[in-house]
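Observations on the model geometry
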Amino acid sequence: LKFAMRLVSIVRVLCLPKRCGVYRVELNWHCSEATTESQCSAPETKPKSKSATTARLHKQVLSAGLRWLSDAEAVEAVKQNAKERGNDTDFDKLLRDGSDFARLRTEMLTLKYRRQVNSKSFHLQGKGEIIALKEERANLKQKTTEMLEKEEELLDGLLSVPNNTHPDVPIGGVEESKVVYTHGAKPEFNFSIRKHSEIGIQLDLIDCNSASNACGSGLYYLKGALAVLEVALIQYAMQKAMSKGFYPIITPDIVKHDVMEGCGFSPRGDKTHTYSLENRLQYLSGTAEMPLAGLFMDSCLPKKHLPLKVVAFGRCYRNETRGRGQPIKGIYRVNQFSKVELFAVTANETGRESSDMLEEILAIQKEINEELGFHYRVLDMASEELGLPAYRKYDIEVWMPGENMYGEVTSASNCTDFQSNRLWISYYSNMKELVHTVNGTACAIPRTIVALLENYQQAVRAVHDPALH
């Protein structure tokens, strides 16, 4: 009876008028009453096929790429930025491919125009002219094939070019990342410190061996109190984000190739950590950031609704243990885990909106780690650690005494318009503008559990965490 009454109260909250509840955030952003249909110049209907979405994504990337490839100063700036980020794009080949593509496209369009002109008087042509027209048609087909092949090569290069970099980001590898904030002190113990994997085995809370036998490496069973703790941490992180104005969402765990590529992640290649579905251009999501970005894809958002802030629980699938030598004991680095993700879409009127949102997400992350009683530090990540989409990224590392190291538990990234340009996410102010996207981890469950076990361990075979009570 109590459960039924609670369920009724939840339904009542969800059914409140939009103005009365935090849950009723306006998410019907597709050409709402705030804008006219003509102002929302995003595609009128979502594509019904994968090829249509991919074609549009590639058109965006190609159009932007050809613009800066034709500007010598822009090329040098992009090359320098890529070098500072440790990006291995071959810009000499990219320039050649761009030049060849432009030439082939001009030749193809010229032949196409001549064919259209000549076809109007085809019935007046003699036998020789008809033979010439057929040869011209074959030549056009060949040029079109060559142009499309060159376009694919050019796109491969353009899709590997990273976002711009914030001027305050440290240049170099991970060792150049700058500590910008530290909270608390390392805990002290008067007994021999154990790793979380030892604690999990001793208390029969973590079982990696059975998971390896049944499911494969890099997986685990959480048992007893830790199974309950995972659910509690998810609920805690979701409630914390909702109290800050984030709208709750449960995302799919499968995303299309277009969305993954649009977010700046490479689903193919030797270095990918992505799990793909056989014979389908779909992948298991590595983070809820991907389906959340896809949620806004092809949208023209009314400015009055920005920023849009959402929080999602999702399962993450990454081949994290691939190519890392000896298997990792415990659950610090695994191939499947639960995570609560923060995602926001902002305007770009002053140039500060997305930067302010990044700070807001970082503040939530700090608050969560402080309430859990962790000693942690915030790092402004160096340029080579930003990946493709991030303009700036903060990592929070928590002290893990059993591992005797600071371990990353959250990250927060400002991707500016890198993702929105590829995914056609815009808003209408005085004219259509690209939104900025910002994302961050609210709680990565396994690593948070690692930190809790190691920081709150006791001399007897027990773990006591007053922060969770």
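Residues numbered from 1 in each chain as written. Predicted model: local features only at pLDDT ≥ 70, side-chain atom pairs only at ≥ 80, totals over all residues. Heavy atoms only, no water.

Turning next to the overall build of the protein chain. In terms of helices and strands, the protein chain carries 13 helices and 15 strands. The proportion of buried residues among the 469 residues of the protein chain is 47%. Relative to all contacts within the protein chain whose residues are 6 or more apart in sequence, the contacts with residues 24 or more apart total 75%. As displayed, the protein chain has an accessible area near 24300 Å², and 51% of this comes from carbon and sulfur atoms. (Helix = DSSP H or I, 4+ residues; strand = E, 2+ residues; numbered from the N terminus. Buried < 20%, exposed > 50% of the residue type's maximum accessible area, 1.4 Å probe, protein only. Contact = heavy atoms within 4.5 Å. Areas by Shrake-Rupley, 256 points an atom, 1.4 Å probe, with all protein chains shown as cover.)

Among the five residues of strand β10 (residues 376-380), four are classified as buried, and the element is accordingly described as predominantly covered. Strand direction decides the pairing type here: strand β1 (residues 178-183) and β10, joined by five bridges, are antiparallel. Note on β10: the bridge partner recorded for Tyr181 is Val378. Alignment of β10 against strand β11 (residues 392-400), held across five bridges, turns out to be antiparallel. Paired with Val378 across the bridge in β11 is Ile396. (Pairing = 2+ DSSP bridges.)

Let us look at the nonpolar core. Leu226, Leu233, Val311, Ile331, Val340, Leu342 and Ile449 are the most contacted members of the largest nonpolar core, which has 50 residues in total. The element contributing the most residues to this core is helix α8 (residues 225-243), with eight residues. When near neighbours in sequence (up to four residues on either side) are disregarded, Leu233 contacts Leu372, Cys443, Ile445, Thr448, Ile449 and Leu452. In terms of nonpolar packing, the next biggest core, distinct from the first, is built from 22 residues, Leu57, Leu69, Leu104 and Leu158 among them. (Core = buried A, V, L, I, M, F, W, Y, C linked by side-chain atoms within 4.5 Å.)

Here Leu111 lies in helix α4 (residues 91-119). Using a relative accessible area of 9% as the deciding quantity, one classes Leu111 as buried. Sequence separation of Leu111 and Thr144 is 33 residues, and the distance between their C-alpha atoms is 9.8 Å. Beyond its immediate stretch of four places on either side in the chain, Leu111 contacts Glu136, Asn139, Leu140 and Lys143.

Moving on, we get to the pattern of salt bridges. Tallying each qualifying case throughout the model produces 19 salt bridges. Two residues, Arg352 and Asp356, come together in a salt bridge whose shortest N-O distance is 2.8 Å. Through salt bridges that share partners, Lys93, Asp97, Asp100, Arg103, Glu107, Lys150 and Glu153 make up one connected network. (Salt bridge = Lys/Arg side-chain N within 4 Å of Asp/Glu carboxyl O.)

Here the focus is the side chain of Thr287. Its location among the elements puts Thr287 in the loop between β6 (282-284) and α10 (289-296). Filtering out sequence-adjacent residues up to four positions away, Thr287 remains in contact with Cys316, Arg318, Lys339 and Glu341.

Here we take up the packing of aromatic side chains. Throughout the structure, instances matching the rule amount to five aromatic pairs. For the cation-ring pair, Arg377 lies above Tyr406, with the distance from its terminal atom to the ring centre recorded as 4.1 Å. (Phe/Tyr/Trp six-rings, centres within 6.5 Å; stacked < 30°, edge-to-face > 60°. Lys NZ or Arg CZ within 6 Å of the ring centre and 35° of its normal.)

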